[in-house]
Amino acid sequence: MTKAKFTPSARWHGSEEDFMKMVTNFFLYDYEDRGMVKWQGYFLSDHPAALKQQAAQEATHYPPLPMMSDEDIRSTLAQAYQNGNTVSIQVDYTNTDGNYQAPYRGKVAGYAGADTAVLDTGEMVSIMDMRHVDLVPLPAERL
């Protein structure tokens with residue numbers, strides 16, 4: 001395998017060796033790398049905002065609500081489905097810090113099988129994973 005020969009610009013009138021010395025000296029002594037500054041233009045303006053929102057959501061603590069019986073959960077979901085109410089569902093999962101995740105909120109749009117509620121937000125939540133279900137009251141101005 002042969003090495004490709006480097007040829008300096010047509011404007012260069014010295015030897016290839018002198019050209020390579022000049023280039024090497026430029027990068028050793030004259031060129032200043034700006035580091036991360038040159039990459040900041042690639043970040044979208046909404047990226048830092050999304051990171052702040054995610055950090056705030058992760059910092060929010062949701063206290064454990066009382067564990068409901070399977071019968072009470074099914075009854076509350078059925079009532080919400082029949083009346084078109086919004087529900088707030090806390091699942092029985094915690095993160096590594098032992099905090100509960102944000103509750104699911106939405107209207108019960110239907111069921112996927114006998115044990116999974118489908119919300120109008122597209123989320124599917126297993127009834128076996130639910131810890132607590134509340135009906136969300138309508139705001140006063142909508143009553």
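Conventions we followed
Residues numbered from 1 in each chain as written. Predicted model: local features only at pLDDT ≥ 70, side-chain atom pairs only at ≥ 80, totals over all residues. Heavy atoms only, no water. Helix = DSSP H or I, 4+ residues; strand = E, 2+ residues; numbered from the N terminus. Buried < 20%, exposed > 50% of the residue type's maximum accessible area, 1.4 Å probe, protein only. Contact = heavy atoms within 4.5 Å. Areas by Shrake-Rupley, 256 points an atom, 1.4 Å probe, with all protein chains shown as cover. Expected span 1.5 Å × (residues − 1). Arc of directions from axis to C-beta. Pairing = 2+ DSSP bridges. Axes fitted to C-alpha atoms, helices over the stretch in contact; angles between N-to-C directions. pLDDT = per-residue confidence, 0-100.

A. Examining the overall build of the chain more closely. For the chain, the helix and strand inventory stands at 3 helices and 5 strands. The helix and strand sequence of the chain, counted from the amino end, reads α-α-α-β-β-β-β-β. The proportion of buried residues among the 143 residues of the chain is 18%. Intrachain contacts of the chain at a sequence separation of at least 6 include 51% that bridge at least 24 residues. About 11,200 Å² of surface is accessible on the chain, with carbon and sulfur atoms providing 55% of the total.

B. Summary view of helix α3 (residues 70–83). For α3, spanning 14 residues, the distance from its first C-alpha to its last is 20 Å, which sits close to the expected 20 Å at 1.5 Å a residue. Burial in α3 covers these residues: I73, T76, L77 and A80. Seen along its axis, α3 keeps its buried residues to an arc of 95°; they face one direction. In this structure, α3 carries E71, Q82 and N83 as exposed residues pointing more than 90 degrees from its buried face. The inward-facing, buried residues of α3 abut β1 (86–91), β2 (104–111), β3 (116–119) and β5 (130–136).

C. View of the sheet that holds β3. Spatial ordering of the open sheet is given by β4-β3-β2-β1-β5, a layout of 5 strands whose pairing is antiparallel. The open sheet has two edge strands, β4 (124–126) and β5, and neither has a second partner. Across the sheet, the mean angle separating the axes of adjacent strands is 45° when strand polarity is ignored. Where β3 and β4 come together, 3 bridges link them in antiparallel fashion. The partner of V118 across the bridge, within β4, is M124. Across the face of the sheet, α3 comes into contact with β1, β2, β3 and β5 while running at roughly 30° to β5.

D. Spatial organisation of the confidence of the model for the chain. Overall, the predicted model of the chain reaches an average pLDDT of 81, with 79% of residues at or above 70. The spread of mean pLDDT over the elements of the chain runs between helix α2 (residues 46–59), the lowest at 77, and β1, the highest at 94.

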